[in-house]
Structure formats: C-alpha cells, structure tokens
Amino acid sequence: MARVLRIQGVDQAMEEHPPEYDPQANGSAEVGVQLMKGHFRTLRADIESRIGFRIPVRHPVIAWMVRHAANLVTWCARGHDGLTGYQRVRSRPFRTRLLTFGEKCTSKIRSQEEVPRDGRRTYPGIFLGLDRRTGQYMVHSEGEIRLARTVFRLPEADKWDKDALASVHCTPLDLHKPREPEVIF
C-alpha cells in the first residue's frame, strides 16, 4: 500500500505493523475471532443438547459447523453501521430461509438429476449449511453431499437423529475435486 502511495506522489507514507503474537495490537481481528468462536460454541452446544451426546472434536460435522458459523456471522451479525457483512457486499439483506444446523430434512431432487428407479422425488438427509456460491442447501444424504433448491422440514419429534449425524463422513474439503492436469507438449 505504501508503494502505491509513493507512486502517486505521497512521500511521507510509512507502513506500520502490529507486534508479533500480541492479540491486543490487532483489536478488530480479535473481535471477529471472538464473534466466530461464540457462534460456533452456540451451534455446538445447541446440537449436543438436542441429540443428547457430545460431538468429538475430530468428527467431520465439526468442520461443517465451523463453516456454517462463519456464514452466520456474515449473514446475521450487524456491525456498528447496522448492516451485516452480506448487506455491505450485496446491497440487500440476506433472505434465504435457514434450517437449524444438523437437523433432518427432506430434499427435493433437482430437475437435472436423474430420478431413481423407485420413482421417489425426495430424499432424506441432514442439513449442513448453504453453498455460498449458488445459494443451494447442502444436505448429507446416502453418504454424499447433495445440493438442493427445496428442502422440507420434518416434525419436531423427527428432526434430530444422532445416528444420521454420526454417518456424516465427508468434510467441506471433499467438495472440491481437483481437475486432471492438462499437459500440452
């Protein structure tokens, strides 16, 4: 940044860096970290109280929970100006209806997906968040992450299933499949 200012003719520009390993010197970043930690702890405590079991730290659901907590901060936490991060970037409020993280739901098969042989048009799954790029719901069903435009909530008595939550074995990193390298001679 200082180099850009010098190119523009400002001679008195000087960079300033906070002391290393001093969290008090970087206040705004620390506030963001605390906000994120608070959302994550709240999500985790809520789901553990609903299923009646503790989720191990190394379980893949934790990675999905961290991602969803970060998205919730962007979508819902208001800053000093009264706007959320989403509103500042998109110039409109976040309006997508959310489900509770980890709740069982039923998702509708998208039109471009092949209808199974049994003819059903919906599939059960666990809500793990929203895809930030497309805005579609991410649902873990039958051992894989599926994207859905439409989800249906289940009655309160059927929403929470620890075995279905424990069956989640993929992380957000598994969504990205590397392309084959293109070699041109």
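K.L.:
Got a minute to help me understand unusual backbone geometry in this structure?
P.N.:
Phi is mostly negative for residues that are not glycine, and the peptide bonds are mostly trans. Of note, serine 91 is a non-glycine position whose phi angle comes to about 60 degrees, a positive value. For serine 91, the position within the fold is in the loop between α4 (85-90) and β1 (104-108). The exposure class assigned to serine 91 is exposed, which follows from its relative accessible area of 67%. You will see that glutamate 142, though not glycine, has its phi angle at about 55 degrees, which is positive. Topologically, glutamate 142 is positioned in the loop between β3 (137-141) and β4 (144-148).

K.L.:
Sorry if this is basic, but what is going on with helix α2 (residues 27-51) here?
P.N.:
Since there are 3.6 residues in each turn of an α-helix, residues three or four apart along the chain are aligned in direction. Its 25 residues place the ends of α2 36 Å apart at the C-alpha level, agreeing with the 36 Å of an ideal helix rising 1.5 Å per residue. Of all the positions in α2, only Met36, Phe40, Leu43, Arg44, Ile47, Glu48 and Ile51 are classed as buried. Looking at the buried side of α2, the elements it contacts are α3 (60-76) and α5 (162-166). Where α2 ends, the next residue or the one after it, glycine 52, has phi of about 80 degrees, a positive value.

Quick notes on the rules
Residues numbered from 1 in each chain as written. Predicted model: local features only at pLDDT ≥ 70, side-chain atom pairs only at ≥ 80, totals over all residues. Heavy atoms only, no water. Helix = DSSP H or I, 4+ residues; strand = E, 2+ residues; numbered from the N terminus. Buried < 20%, exposed > 50% of the residue type's maximum accessible area, 1.4 Å probe, protein only. Expected span 1.5 Å × (residues − 1). Contact = heavy atoms within 4.5 Å.

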